[in-house]
Amino acid sequence: AVVSTQSTGTWQMYKGIGEALNTAADDASVRVAVLTGTGKWYCAGNDLSNFTKDMPAGGPTEMADNGRDTLDVFCAAMINFPKPLIAAVNGPAIGIPVTTLGLCDLVYCTDSAHFRTPFVSLGQSPEGCSSYIFPRTFGFAKANEMLLAERQISAEEACTGGLVTRIFPEDTFREEVDKVVSHMAKLPPQSMIISKGLIRQEVKEKLLEVNTRECITLRDRWLSDECMTAIMNFLNRKKK
């Protein structure tokens, strides 16, 4: 099963991916799931107009509650997915498409990919379990440079740090990923599910707990004056 991201993440996209993964989890014909982008970008992060357009009747509070629930369910679908989950990062990624890479089992990226998590400048906080996974992947010093100082890292740094499995040249990227997916799809499916379950057993409940905590924190940040001001300033800059 291949699930494609959009250039920027909308609430509907997150709901769609979560539903697709939950459906694939129960579909015996699906052996492997792949997340990938459709254009030059893997995904450029949240569409910040999520916070200004189609405001529900309950105003910002209802919007923040809905956003919290959507992200919680989306990330939980990734954490609970019992089969191999592969990220095929076909280009640059910003924000939640970066943080959720730690929830995937294998991550392949092009040599042109780069990764950035600009949460603080937008008055927000980490999500996708990155507050737990990134320090344990990169070490606290490197994780803090990404999550707090917002430093952009290259494909090579992401691979050396352990977030990315392997880097493929852009012109052969799809072909190389397809080889991996085809190989894994031919392997005994129950053995794959059991093996992944053992690998994830010690951290699965912890990740679900971290995910819920991060989503609750984000909900509060979205309602803060600091976050609202930062988002409006960003959107105003884009209009110029």
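The structure this text deals with has already been given above.
Residues numbered from 1 in each chain as written. Predicted model: local features only at pLDDT ≥ 70, side-chain atom pairs only at ≥ 80, totals over all residues. Heavy atoms only, no water.

### Here we look at the pattern of salt bridges
- Within this structure, the stated rule accounts for 12 salt bridges.
- A salt bridge links R213 to E209; the shortest N-O distance between them is 3.3 Å. Within this pair, R213 and its partner E209 are both found in helix α9 (residues 204-222), separated by 4 residues, close to a single helical turn.
- Overall, R213 belongs to the partly exposed group, its relative accessible area being 42%.
- By relative accessible area, E209 is classed as partly exposed at 42%.
- E226 is paired through a salt bridge with R221; the nearest N and O atoms lie 2.5 Å apart.
- Assessed through its relative accessible area of 54%, E226 is described here as exposed.
- Several salt bridges share partner residues, and in doing so they unite D65, R68, D69, R219 and D220 into one network. (Salt bridge = Lys/Arg side-chain N within 4 Å of Asp/Glu carboxyl O. Helix = DSSP H or I, 4+ residues; strand = E, 2+ residues; numbered from the N terminus. Buried < 20%, exposed > 50% of the residue type's maximum accessible area, 1.4 Å probe, protein only.)

### Focus: the sheet that holds strand β6 (residues 114-116)
- If you trace the 3 strands from one edge of the open sheet to the other, you get β4-β6-β7, paired in mixed fashion. Looking along the sheet, the strands with just one partner apiece sit at the ends: β4 (93-94) and β7 (153-154).
- Here β4 pairs with β6 via 2 bridges, running parallel. Along β6, the bridge assignment pairs A93 with F115. (Pairing = 2+ DSSP bridges.)

### Some words on the nonpolar core
- Grouped together as the largest cluster of nonpolar side chains are 58 residues, with contacts concentrated most on L71, V89, F115 and F134.
- It is helix α2 (residues 59-80) that contributes the most residues to this core, 8 residues altogether.
- Counting 13 residues, the second largest nonpolar core, distinct from the first, contains V34, A88, V177 and V181. (Core = buried A, V, L, I, M, F, W, Y, C linked by side-chain atoms within 4.5 Å.)

### Some remarks on the pairing of strand β3 (residues 85-89)
- For β3, the buried fraction is high: 5 of the 5 residues fall into the buried class.
- Neither face of β3 is open: one carries L85, A87 and V89, the other I86 and A88, and all of them are buried.
- Two elements, strand β2 (residues 33-37) and β3, share 4 bridges in a ladder whose sense is parallel. Bridge pairing links L35 to A87 in β3.
- Inspection of the sheet shows β3 paired to strand β5 (residues 106-110) by 4 bridges, in the parallel sense. The residue bridging V89 from the neighbouring strand is C109, located in β5.

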